[in-house]
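Coordinate inspection notes
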Amino acid sequence: IDGEGNGGLVLAALHLGRDAPVGAELVLELLTRTGRRVSELVAEQPRYTIVKAKAPRGGGGDLTAGYGWLTGRFGDAAVDRQDGLRLTWPDRWLHVRPSGTEPIVRLIAEAPSREAAEALVAAGRAALEGQKVRGGVEKAVAGQVGQSGGAGGTTKIVGAIRMAVKAAIGVP
């Protein structure tokens, strides 16, 4: 059995497409086999909260630096790079990936509490913001290095860095 976050279910033994009736049939089979009620089965399951967020996809769309920051920050997580970056722990996960249909980055986290899931999304945002700051600083410095002759060159570079950081964090 496989599926997607949107509820699509795939039963490969039947076919490789998403199929809602198959999901309903599997639930009915479980109820018949166990003789239990849906409410009893649901009550046994742990409660998790999913938080979904979006962030602008800046810096030319390359998320490598942000992914690197996250894997360094969360060295205890299992890392999967098949579709963006997914960090997994025994009781929570964070998925950061570029959208295939919009110029955004999707941040999705699941954890035992809303606060824990929001903290994971916040870490993902921090990684993206840090990447934006780093990218802006690199562009600013690259643009100023060639013009940095003399004592005023350092001042120009520092000014360019300040402007890049302010732009990245939304300060006028």
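What comes next concerns the included structure. (Residues numbered from 1 in each chain as written. Predicted model: local features only at pLDDT ≥ 70, side-chain atom pairs only at ≥ 80, totals over all residues. Heavy atoms only, no water.)

Digging into the overall build of the protein chain
Definition in use: Here a helix means four or more residues in a row that DSSP labels H or I, a strand means two or more in a row labelled E, and each is numbered from the N terminus. Three labels apply to residues, based on accessible area from a 1.4 Å probe with only protein chains included: buried if under 20% of the type maximum, exposed if over 50%, partly exposed otherwise in between. Here the accessible surface of atoms and residues is derived via Shrake-Rupley with a 1.4 Å probe, and residues count as covered only by protein chains that are part of the display.
Looking only at helices and strands, the protein chain features 5 helices and 7 strands. Reading the secondary structure of the protein chain in the N-to-C direction produces β-β-α-α-β-α-β-β-β-β-α-α. Every one of the 172 residues in the protein chain was classed for burial, and the buried ones make up 31%. About 10800 Å² of surface is accessible on the protein chain, with carbon and sulfur atoms providing 58% of the total.

Some words on the packing of aromatic side chains
Note the cut-off: The rule is short: rings of Phe, Tyr and Trp, with Trp giving its six-membered ring, pair when the centres are within 6.5 Å, and they are stacked under 30 degrees, edge-to-face over 60, tilted in between. Whether a charge lies above a ring is judged from NZ of Lys or CZ of Arg, which has to be within 6 Å of the ring centre and within 35 degrees of the ring normal.
If you walk through the whole model with that rule in mind, you get 1 aromatic pair. When the ring of phenylalanine 74 is compared with that of tryptophan 89, the centres are 5.3 Å apart and the planes differ by 85 degrees; the resulting orientation is edge-to-face. Residue phenylalanine 74 is located in the loop between helix H3 (64-73) and strand S4 (78-80), and its partner tryptophan 89 is located in strand S5 (residues 85-89); the two are separated by 15 residues in the primary sequence. There is no split in this pair, since phenylalanine 74 and tryptophan 89 are both buried. The ring of tryptophan 93 carries the charged tip of arginine 86 above its face, separated from the ring centre by 4.2 Å.

Considering the sheet that holds strand S3 (residues 49-56)
Put simply, the test is: In this analysis, strands are considered paired if DSSP registers two or more bridges between them. Throughout, an axis means a line fitted to C-alpha atoms (over the contacting stretch in the case of helices), and angles, computed between N-to-C directions, take values from 0 to 180 degrees.
Taken together, 5 strands build an open sheet; the order of strands is S3-S7-S6-S5-S4 and the sheet is antiparallel. Edge positions in the sheet fall to S3 and S4, since each has one partner strand and no second. This sheet shows a mean twist of 15 degrees between the axes of neighbouring strands, independent of strand direction. As paired elements, S5 and strand S6 (residues 92-98) share 5 bridges and run antiparallel to each other. Paired with leucine 85 across the two strands is valine 96, which belongs to S6.

What about the pairing of S5?
Burial along S5 is one-sided: Leu85, Leu87 and Trp89 are buried, while Arg86 and Thr88, pointing the other way, are not. Where S4 lies against S5, 3 bridges are found, and the strand directions are antiparallel. Its bridge partner lying in S5, alanine 78 is registered against threonine 88. Here S4 folds back onto S5 in antiparallel fashion, the turn holding 4 residues, of which glycine 84 has a positive phi close to 80 degrees.

Some thoughts on the pattern of salt bridges
As a reminder, the rule being used: The rule for a salt bridge is simple: a side-chain nitrogen of Lys or Arg has to be within 4 Å of a carboxyl oxygen of Asp or Glu.
Going through the model one piece at a time under the given rule, you end up with 6 salt bridges. Across the pair arginine 92 and aspartate 91 runs a salt bridge whose closest N-O atoms are separated by 2.9 Å. Classification of arginine 92 as partly exposed rests on a relative accessible area of 24%. One salt-bridge network, held together by shared partners, links Arg36, Glu40 and Glu44.

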